[in-house]
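Working through the structure, step by step
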Amino acid sequence: MASDRLSNRPVETGPFFQRDRNWHPPALTPGYKTSVLRSPQRALISFDNTLSETAGPVFGHAMLGEGDNDLIHNFASPGEAALGERIIVYGRVIDERGVGVPGALLEFWQANAGGRYRHKKDGYLAPLDPNFGGCGRTITGGDGGYAFRSIKPGPYPWPNGPNDWRPSHIHFSVFGHGFAQRLITQMYFEGDPLIWRCPIVRGIPDRAAIEQLIAAVDMEATIPMDARAFKFDIVLRGRRSTMFENRLEGN
Amino acid sequence: MAQSLDRQKETPSQTAGPYVHIGLTPNVVGIAGVYREDLGSSMVEDGTRGERITLIVTVFDGAGAPLRDALVEIWQADAEGFYPSPAERRGRADPHFSGWGRSAADMETGACLFHTIKPGRVPMADGRLMAPHISIWIVARGINLGLHTRIYFPEEEEANVSDPILARIEHRARVATLIARRGADAYVFDVHLQGDNETVFFDS
Ligand SMILES: [Fe+3]
């Protein structure tokens, strides 16, 4: 029996649990104006996963570069470092059953300490940091664990309402084992008063769901005199067991 | 009270925002030197089996304007209908085919370009064959939860008619929204987020 990447668990092939679409923000959230013309209006067509949804590619650790999980240095000139509050972000990728997801690809991107993105469409007054690119990636270990180093991104104003500000946040892209688990989200920082004012955050109907996106300060994981730590766990869709399901076995 | 099921809730989605390319295709937006190449930028190599095809995906908003800040990923079987994935238990897929591609929208036209091969047919769990198709996932600013749909092929009329997933679409006229058209040198697939031709999206 083939085994899971990085662990001795047998490969699971079951369909994913149905997505709870009341937990996610709906497609149309008028307070976030761009969603108005970009939200499908017809009902989604539902069907149980086929192999097209349950399967997904493998991302091997071999593809990672040395600096991929260190945003403080991966764009900096030799001997230099990005400006800002030094942080470590760590956590686990698990599924809805609480099982760790090894081999998940995590990609993250963020603004610099002043709230400015390295992107030609970002014209915010805050300056670019010549030593900060703003992207990083890693692959989860055998228990679904991950960690990376960065600087805390600054909040920034954005054109939506006349005076809307994004809370400090790090964008996350998560690729688990199946294409139907694909997820993009944002991590916020404990204690930020802008979280509860943000129209994008407020598209999420349930307060408990919003709290799931707020990373906790973890003084025990902090490196004294160096970097504070924030814990951010990510939950992907769980899988059904196929033990009692009727299916044609191909081999 | 009964025992707890100890289930977790899936992490809620948030929009990819306008700067998704910094994270997912940094080389495209001029952030060079961090990654050697952008992930998903090449799906095929010299030895890949099957018919080479080019696919152009463009996403349009409710006003008919192309999304110039979209990011599209595709996932498909190889030419024989095998997925290059540990979940593929029927056989081994072409080792020269990745099955997965990622493309940033062109900043002027909104076109997302893929060079791949035409996929073979994949069976459902009950053995019925699906028509050749490519799964697609769309994220962008203003999209709160990534959109899943499929691309089918115009020349596969017979297979499309018997495809069990297309058969789920009650309003038959909408099936056409999932069938690419043949352009000069490429398959062209336009996604309409809203309007009379709103594309069928899936919850699966
Ligand atoms: Fe952002």
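Here the structure is a predicted model, which means the values were calculated and not measured. (Residues numbered from 1 in each chain as written. Chains lettered and ligands numbered in written order. Predicted model: local features only at pLDDT ≥ 70, side-chain atom pairs only at ≥ 80, totals over all residues. Heavy atoms only, no water.)

With that settled, the discussion passes to the UniProt feature "domain: Intradiol ring-cleavage dioxygenases" (unreviewed entry) in chain A. When the UniProt feature table is mapped onto this chain, "domain: Intradiol ring-cleavage dioxygenases" (unreviewed entry) is found at residues 89–117 of chain A. Structurally, residues 89–117 of chain A is divided into 0% helix and 41% strand, and its ends, taken at the C-alpha atoms, are 19 Å apart. (UniProt positions renumbered as here; feature names shortened; annotations may be inferred. Helix = DSSP H or I, 4+ residues; strand = E, 2+ residues; numbered from the N terminus.)

Glancing now at the coordination of the iron ion. All names here are of chain A. Binding of the iron ion to the protein goes through Tyr117 (OH), Tyr156 (OH), His169 (NE2) and His171 (NE2), at separations of 1.9 to 2.2 Å. In this structure, the iron ion is surrounded by four donor atoms whose angles at the metal cover 89 to 162°, and the resulting shape is irregular. The sequence pattern formed by the donor residues of the iron ion is Y-x38-Y-x12-H-x1-H. One end of the pair, Tyr117, is in the loop between strand E3 (105–109) and strand E4 (135–139); the other, Tyr156, is in strand E6 (residues 156–158), with 39 residues separating them in the sequence. (Donors = N, O, S within 2.8 Å, 3.2 Å for Na, K, Ca; no water. Tetrahedral: all angles 85-135°; square planar, octahedral: opposite > 155°, others 65-115°.)

With that out of the way, let us pick up the packing of aromatic side chains. Each aromatic ring pair is described using two quantities: the centre-to-centre distance and the angle formed by the ring planes. Within the structure shown, the criterion is met by 17 aromatic pairs over all chains. With 6.2 Å between their ring centres and 45° between their planes, Phe175 of chain A and Phe179 of chain A make a pair best called tilted. Judged by its relative accessible area of 0%, Phe175 of chain A is buried. These aromatic residues form a ring-pair network of at least three members: Phe108, Tyr146, Phe148, Phe172 and Phe232 of chain A. Positioned above the aromatic ring of Tyr35 of chain B, the side-chain terminus of Arg137 of chain A is 3.7 Å from the ring centre. We note Lys9 of chain B situated over the ring of Trp23 of chain A; from NZ or CZ to the ring centre the distance is 5.1 Å. (Phe/Tyr/Trp six-rings, centres within 6.5 Å; stacked < 30°, edge-to-face > 60°. Buried < 20%, exposed > 50% of the residue type's maximum accessible area, 1.4 Å probe, protein only. Lys NZ or Arg CZ within 6 Å of the ring centre and 35° of its normal.)

Moving on, we come to the UniProt feature "domain: Intradiol ring-cleavage dioxygenases" (unreviewed entry) in chain B. In the numbering used here, UniProt assigns the feature "domain: Intradiol ring-cleavage dioxygenases" (unreviewed entry) to residues 44–195 of chain B. Across residues 44–195 of chain B one finds 3% helix and 31% strand; the C-alpha atoms that close the span lie 35 Å apart.

Turning our eyes to something else, we now look at the side chain of Arg116 of chain A. Residue and element names in this part refer to chain A. Tracing the sequence through the fold places Arg116 in the loop between E3 and E4. Buried within the structure, Arg116 lacks any salt-bridge partner; its nearest side chain of opposite charge belongs to Asp122, at an N-O separation of 4.3 Å. Polar side-chain contacts of Arg116 include one of 3.2 Å to the backbone oxygen of Asp122. Every residue in contact with Arg116, bar those within four places of it in the chain, is listed here: Ala111, Asp122, Tyr124, Ala126, Pro127 and Leu128. (Lys, Arg positive; Asp, Glu negative; His and termini not counted. Salt bridge = Lys/Arg side-chain N within 4 Å of Asp/Glu carboxyl O. Polar contact = N/O pair within 3.5 Å; in protein donor to acceptor, adjacent residues only side chain to side chain. Contact = heavy atoms within 4.5 Å.)

As summarised here, the arrangement of the four strands in space is E4-E1-E8-E7 (chain B), forming an open sheet in which the pairing is mixed. Of all the strands in the sheet, just strand E4 (111–117) and strand E7 (181–182) of chain B have a single pairing partner and so form its edges. (Pairing = 2+ DSSP bridges.)

So, on to the nonpolar core. Residues Phe172 of chain A together with Val57 of chain B are the most contacted members of the largest nonpolar core, which totals 111 residues. Ignoring any residue separated from it by four or fewer positions in sequence, one finds Val57 of chain B in contact with Val72, Gly110, Ala111, Cys112, Phe114, Ile136, Ile151, Phe189 and Val191 of chain B. (Core = buried A, V, L, I, M, F, W, Y, C linked by side-chain atoms within 4.5 Å.)

It is worth spelling out the interface of chain A and chain B at this point. Tallying the contact residues gives 92 residues for chain A and 79 residues for chain B. Counting each side, the surface lost to burial between chain A and chain B is near 7,800 Å², with a carbon and sulfur contribution of 58%. Interface area lost by chain A to chain B is led by Arg38, Ile45 and Phe179 of chain A, which between them contribute 11%. Linking chain A with chain B are seven salt bridges, by the criterion used here. Close ionic contact of Glu10 of chain B with Arg19 of chain A constitutes a salt bridge, the shortest N to O distance being 2.8 Å. Taken together, the connections running from chain A to chain B amount to 46 residue pairs in polar contact (both at pLDDT 80 or more). Top element by residues in the side of chain A that touches chain B is strand E9 (residues 183–189) of chain A. It accounts for five residues. (Buried area = accessible area lost by both parts, 1.4 Å probe.)

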